[in-house]
Each structure stands twice: as C-alpha cells, then as structure tokens.
Amino acid sequence: MNFEFTQEQNQFAETVRRFAQDHLAAGALKRAHDPRFPFDVAQLMAEQGLMGITLPQSDGGQGGSLLDAVIAIEQIASVCPRSADVVQFGNFGPIRTFAEYGTPRQKARWLGDLLGGRMVMSLGMTEPDAGSALTDLKTSARADGADYVINGSKVFSTFSPDAQIFLVYVRFGPGVSGIGSLIVERGAPGFTIGAPAAFMSDEEWCELHFNDCRVAADNVLLGPGGFKKQMAGFNVERLGNTARSLAYGRFAFNAARDYAATRRQFDRLLCEFQGLQWKFADMAIKLDAAQLLLYRAAVNADRGLPSAYETAIAKAACNQAGFEAASEAVQIMGALGYSRETLVEYCMRRTRGWMIAGGSIEMLKNRIAEHVFDRRFDQRKRPSD
Ligand SMILES: Cc1cc2nc3c(=O)[nH]c(=O)nc-3n(C[C@H](O)[C@H](O)[C@H](O)COP(=O)(O)OP(=O)(O)OC[C@H]3O[C@@H](n4cnc5c(N)ncnc54)[C@H](O)[C@@H]3O)c2cc1C
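J.: What am I meant to see in the nonpolar core here?
T.: The nonpolar side chains of soluble globular proteins are, as a tendency, buried together. Counting 108 residues, the largest nonpolar core has Met45, Ile76, Leu114, Ile150, Leu182 and Val184 as its most contacted members. Considering each element in turn, this core owes the most residues, 14 residues, to helix H8 (residues 227-260). In contact with Ile76, not counting residues within four places along its chain, are Val16, Phe19, Ala20, Leu24, Met45, Leu50, Pro81, Ser83, Ala84 and Val87. Within the second largest apolar cluster, six residues are counted, among which are Ile313, Ala316, Leu364 and Ile368.

Below, the structure is given as structure tokens:
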C-alpha cells in the first residue's frame, strides 16, 4: 500500500495546476456566476489534453487513468471551481458511455466535437415520475421503418440549454430489460426543449419533451438490455461528481483557512480562537478520510475492479465532507463568506446539489447496506405491504 502519487502523477498535477493558474484564475468568480457552458474553457482544455483523459487514443482520448482524471478535477477546481465542470463533462459524464458503446458512425459524427470542446451533450434520464426509481421511466421508443419514434418527457438534465445532442434513456419494451438509450439531436422533429429553469446553484436545466419525435435507427446507442451496461458505466461516472464535491470542499476550506490566518477580531487572528480551530480540525478529518475513499475507488476501477460499493461509499463520504466543509467555510468567513463576492458560498450551493444528483445520499446508503448484509433489499412496495 502506498499513499503517495507517482512521479508522473505529481508532474501531471503540477502541469494542470500551472495551466489553471495561467488561464483560469482570472475570471474564476465571473465564470461561477455564468450559467452558460464555458466553451472557451473547454477548447483550452482540449488543447491541453484534459478532455478524454481516460479514453483510448484511437477515440481521440489521452489513454490515461481514472486517477489522472480525478487529479485534473482536483487541480482545476482548486483554482477555478466552475471550470472543473468541463473536466467532468469531458471525462466522467455521458461521454464515457458514448465513447464505450457508440458505433463508429456515431463517434465519427460527434465525438471529435465533444472532445474538442465545441459541443456539449446532456443526459436525459430523470422523468417527472422516475427519479430515484429510474427504472420506472416511461419515455418510449417504437421502431417505425428505418426510424424510432420517441414519446415522453425528461427533467433536470444538466447542460440542456447549451447541448446540441442528448443521450436519452428510453423504454424499448417492458421491464428493466426493455430500457436502452439513443441520441437525439437538438432540432429533431417532435423534440421540444422548454425554457431554462434554475437549480439553487444557478445551473440551468430545461424540460425535454418528445412528441412523436423521430430519429434514425442509427442513433440507438444501447438497445433493449442496455440498461445494466449503462449502469455499470455509471458507477465510474459517479466519481466525477464525487471528485468535484471533495475538490469544492477543499477550495472552501483553503479559502477559510487563509481568511482565518489574516482576519482579526478582538485584537486576535480568527485562527487563534479554539472554537474555529476545532472546526478546521473536523473539516480536515472529514476531507482527508473522504479523499482516501475516492482514491481507493478510482485506483481499483483503474485496475479493472470498479466496485459499486466502493463508489457508493466514496460518493457519500465526499458529498458529505465537501458540503460540510463548504458550509463551515461560509460560517468562518462570516458575511463575506455568505456573499457572492467570494466563491465559498458558490461551493456550498454546488456541493449541496451533488448530495441529490447522480445517486442521492440515501440511495447510496441503501447500496452500502446491501454490501454490509450481503443481500439485496428491494425498495419496491410488495403486494403484502
Ligand atoms: C444538480 C443536479 C443535477 C442533475 N442532473 C441531471 C442530469 O443531467 N440528467 C438527469 O437525467 N437528471 C439529473 N438530475 C436529477 C437527479 O438524477 C434526480 O434528482 C435524482 O435521481 C433523485 O430523483 P428526484 O429528485 O426525483 O428525487 P426522488 O427520487 O423523488 O427522492 C426524493 C427523496 O427521497 C429519497 N428517497 C427516494 N427513494 C428512496 C429510498 N428507496 N430509500 C431512501 N430514500 C429514498 C431521495 O434520496 C430523496 O432524498 C440532477 C439533479 C440535480 C440536483
């Protein structure tokens, strides 16, 4: 067991940090308050080799490891939290499923633009009546000649105001084995994108409506039975949300530490008050513990053993540690921390959302409990209940 990065990993972290300081430090606050996807940052990152870090070079990726992608999120977020969303998009989001299962024609058509930072893709899974119980989704896709006809609605899709393509989970038939996915382009006949609504984080999402929406059969990503494959990939995708939670918590921790080391009240530095020292100690304990869980999940996934348990425990720990650190940082920095003039309140709002998105804390704990008892607990109401 070794708790140190390799020399290459240290060098990579240093290079990414320098890139972030040179190109992203200026404008970090403004970027955080702009709901539009930062395509300029995505294109800079593409030039820097930060998109598709884990994808094979044959797909236009970098052939690196998942831990490299986690390191990239940590380093970018430590300078410009909002820009870490681009690392997430280019390495952890639906782009992974797309690169893994896309046909050569689909990849030739879209992957270059996605990895080049010229196009963003949105993920349409959640429906008004299918949130945590995702397998209740109703959006249907029916074969019709050389096309599929889609009917249904999706909600809460991140990046939907800016996306050109949407990876949409649909029902080709009944049951879990009837679920698969296809790609729908903005502008497809019968596809309507609603007006943007805002999350607490100010990120925007749109309702997606499919009314006899017609797409070519060529756009099917995973046909019936594809859901299990997609969920296996989702275990790894979750680590992007996990890594950002932790990185935002650290950003806020560092900002509060620097503030407490210089701000005076009662003729003393804030860091000299024990009540605040213990807050920092508690934050450090939680952040360091969560970081080890994140690295364990990423390293084992790199070794070919992505574990739903390790991912769940890492995400729950990082979601909680990140939010608690950000919230305490706001408290420590007083009214300034609560103000939009600093990024700590932004980190608090963003980390709060990740406790719900990508597998809520409660659903993760259900998964962890299944591991503890080595049995499956069906969440569905039984006829006898
Ligand atoms: C910031 C953000 C970004 C998102 N991005 C996307 C996106 O890009 N694409 C997309 O499709 N969706 C996205 N979502 C939606 C997200 O996937 C859902 O919010 C999530 O699946 C939970 O569904 P729900 O909000 O409908 O809550 P519900 O499922 O209605 O749950 C409500 C509450 O009950 C709890 N609960 C539910 N079932 C159980 C149970 N069995 N045991 C214990 N507790 C339970 C939940 O944990 C939650 O606290 C995003 C959400 C957020 C907050």
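J.: Would you explain the site of the ligand in this entry?
T.: Close to the ligand lie 18 residues, the nearest being Thr126, Ser132, Thr158, Ser360 and Glu362. Take Met125: an N or O atom from its main chain is 2.8 Å from an oxygen atom of the ligand. The contact in question runs from an oxygen atom of the ligand to an N or O atom on the side chain of Ser360, over 2.6 Å. When the free accessible area of the ligand is taken as 970 Å², the share hidden by the protein chains comes to 66%. Along the lines of polarity and charge, the residues of the shell around the ligand split into seven nonpolar, 10 polar and one charged.

J.: I'm lost on the environment of Glu74 in this one. Help?
T.: Secondary-structure assignment places Glu74 in helix H4 (residues 66-79). Between the C-alpha atom of Glu74 and that of Ala247, which follows or precedes it by 173 residues, the distance is 5.2 Å. Not counting residues up to four positions away in its chain, the partners in contact with Glu74 are Leu246, Ala247, Gln291, Leu294 and Tyr295.

J.: Would you take a moment to explain the packing of aromatic side chains for this structure?
T.: To describe a pair of aromatic rings, you give the distance between the ring centres and the angle between the ring planes. With the rule as written, the count across this model stands at 18 aromatic pairs. Ring geometry for Phe37 versus Phe89: centroids 5.7 Å apart, planes at 75°, classification edge-to-face. Highlighted residues: Phe37 in the loop between helix H2 (28-32) and helix H3 (39-48) and Phe89 in helix H5 (residues 84-91), separated in sequence by 52 residues. Here Tyr248 and Tyr346 contribute two aromatic rings whose centre-to-centre distance is 6.0 Å and whose plane-to-plane angle is 35°, an arrangement assigned as tilted. Of this pair, Tyr248 sits in helix H8 while Tyr346 sits in helix H12 (residues 344-353); the two residues are 98 residues apart in sequence, bridging distant segments of the chain. Across the pair, exposure class does not vary: Tyr248 and Tyr346 are buried alike. Ring pairs connect the aromatic residues Phe37, Phe39, Phe89 and Phe159, which therefore count as one cluster.

J.: I would appreciate a short explanation of the pattern of salt bridges in the present structure.
T.: Side chains that differ in charge, positive against negative, can pair when their charged atoms come close. Applying the stated rule across the entire model yields 26 salt bridges. The partner of Asp85 in a salt bridge is Arg244, and the shortest N-O contact between them spans 2.7 Å. Here Asp85, found in helix H5, pairs with Arg244, found in helix H8; they are 159 residues apart in sequence, far enough to count as distant. Considered together, Asp85 and Arg244 belong to a single accessibility category, that of buried residues. Among the charged side chains, a salt-bridge network with shared partners connects Arg82, Asp85, Glu203, Arg244 and Arg350.

Parameters at a glance
- Residues numbered from 1 in each chain as written.
- Predicted model: local features only at pLDDT ≥ 70, side-chain atom pairs only at ≥ 80, totals over all residues.
- Heavy atoms only, no water.
- Core = buried A, V, L, I, M, F, W, Y, C linked by side-chain atoms within 4.5 Å.
- Buried < 20%, exposed > 50% of the residue type's maximum accessible area, 1.4 Å probe, protein only.
- Helix = DSSP H or I, 4+ residues; strand = E, 2+ residues; numbered from the N terminus.
- Contact = heavy atoms within 4.5 Å.
- Near = heavy atom within 4 Å.
- Polar contact = N/O pair within 3.5 Å; in protein donor to acceptor, adjacent residues only side chain to side chain.
- Areas by Shrake-Rupley, 256 points an atom, 1.4 Å probe, with all protein chains shown as cover.
- Nonpolar A, V, L, I, M, F, W, Y, C, P; charged D, E, K, R; others polar.
- Phe/Tyr/Trp six-rings, centres within 6.5 Å; stacked < 30°, edge-to-face > 60°.
- Salt bridge = Lys/Arg side-chain N within 4 Å of Asp/Glu carboxyl O.

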